[in-house]
Amino acid sequence: MPSRPRRGRGRPPKTARAPEGTRAMLVRAGVGLLTEKGFSSTCVDDVLNATGISKGSFYYCFSSKEEFGQALIEYYAAYFNEKLDLWLTDRTEPPLQRLLNFMHDAKAGMQRHGFRRGCLIGNLSQEIDTLPDSFNGQLLAIMREWEQRVATCLLDSFAPHPTAGQKRLCTALARYFWIGWEGAVLHARMTHDAAPLELFASFYLAQTAQQLGVSLPVAARPSPRVSPARPAPEKTVQAAN
C-alpha cells in the first residue's frame, strides 16, 4: 500500500474535523504495531483495523505514512526517555545498579508481550535502507540522546569532578551499551527467550565495573516508582466514521 495516495486516486478528501483524541489513538496503535511488524510491513489499513478509525480521519491527522512514522518515532522516544530517566537518575542507587534495574525492567516488558515486541528505534534501524530519508537523522538523534543518558549515569561513578579521560571512557561505554543491548533485544525476540538479555547484561556489567573501578551490582532491585506503561494498540468500536 503506498504511503500517501495521490489526490483523486483513492485518498479521501478532508471533510469534517477528526474526533478529539483520534491522533493520539492512531499513534498509540501505530507504535504497538511497528514494534512487532516494522514500518515496511505495517500499512495504514493495519492501523485502521486496530483502532476502528476511518481512512478519512487518518489523513486528516497525517498527510502521509511518512509523517505518521515520524510522529510514532517522536512518541516512542518520549516514552522511552521517561523510562530511562526513571531508572538512570535514581541517585539512591550506584550507577551500575541503576543500569541493571533498567535492563531488568526492559526484560520484564518483553516477557509480558511474549517477546513479540522489541525496541521501536532498534527495529527501524534494521530497516534503514528502505525507510524514508527523513527517518535516518531522527533515529540517530534519539540514539545519541540515549547514549548521553547512560554516559551521564556512569559518570556519577566519578562524581563530583570527573576528568576528561573519565568522560571519554563513559561516553564510549555508553555507546558500547546500546550497540550490545539492541543486539540482545533482537536475539531475545528471535529466540523468544530472555537468555540473550541476561548474557549481555552479565558481560557488560562485568567489563564496565572493571573499567570504572567499582563493584558489580548483586541483583536487580525493584523500585517503588512505576515504570511508564508501554504504548499498545487499542481496539475501539467505530471510533470514527
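The rules behind these values
- Residues numbered from 1 in each chain as written.
- Predicted model: local features only at pLDDT ≥ 70, side-chain atom pairs only at ≥ 80, totals over all residues.
- Heavy atoms only, no water.
- Helix = DSSP H or I, 4+ residues; strand = E, 2+ residues; numbered from the N terminus.
- Buried < 20%, exposed > 50% of the residue type's maximum accessible area, 1.4 Å probe, protein only.
- Contact = heavy atoms within 4.5 Å.
- Areas by Shrake-Rupley, 256 points an atom, 1.4 Å probe, with all protein chains shown as cover.
- Expected span 1.5 Å × (residues − 1).
- Core = buried A, V, L, I, M, F, W, Y, C linked by side-chain atoms within 4.5 Å.

Peer 1: Break down the overall build of the chain for me, with residues and values.
Peer 2: A tally of helices and strands in the chain yields nine helices and zero strands. Each helix and strand of the chain, ordered N terminal to C terminal, gives the series α-α-α-α-α-α-α-α-α. Looking at the chain as a whole, 49% of its 241 residues are labelled buried. Across the chain, the fraction of contacts at a sequence separation of at least 24, relative to all contacts at a separation of at least 6, is 76%. Element-wise, carbon and sulfur atoms account for 53% of the exposed surface of the chain, whose accessible area totals about 12,300 Å².

Peer 1: Explain unusual backbone geometry to me, using residue names and the numbers behind them.
Peer 2: A cis amide bond links Ala159 with the next residue in sequence, Pro160, at an omega value of 5°. Note on placement: Pro160 falls in the loop between helix H7 (133-155) and helix H8 (164-191). Phi at His192 is positive, roughly 55°, even though this residue is not glycine. Assignment of secondary structure puts His192 in the loop between H8 and helix H9 (195-212). Its relative accessible area of 47% is what places His192 among the partly exposed residues.

Peer 1: Requested: an account of helix H5 (residues 95-112), with residues and values cited.
Peer 2: For H5, with 18 residues, the first-to-last C-alpha span of 26 Å sits near the 26 Å given by 1.5 Å per residue. With respect to burial, H5 is a largely interior element, 14 of its 18 residues being buried.

Peer 1: So what about the nonpolar core? Which residues, and what values?
Peer 2: If you look at the biggest cluster of nonpolar residues, it comprises 70 residues, and the most contacted ones within it are Phe102, Met103, Trp146, Phe177, Trp178 and Trp181. Here this core gets 12 residues from one element, more than from any other, and that element is helix H4 (residues 65-88). Setting aside residues up to four positions removed in sequence, Met103 forms contacts with Phe177, Trp181, Phe200, Ala201 and Leu205.

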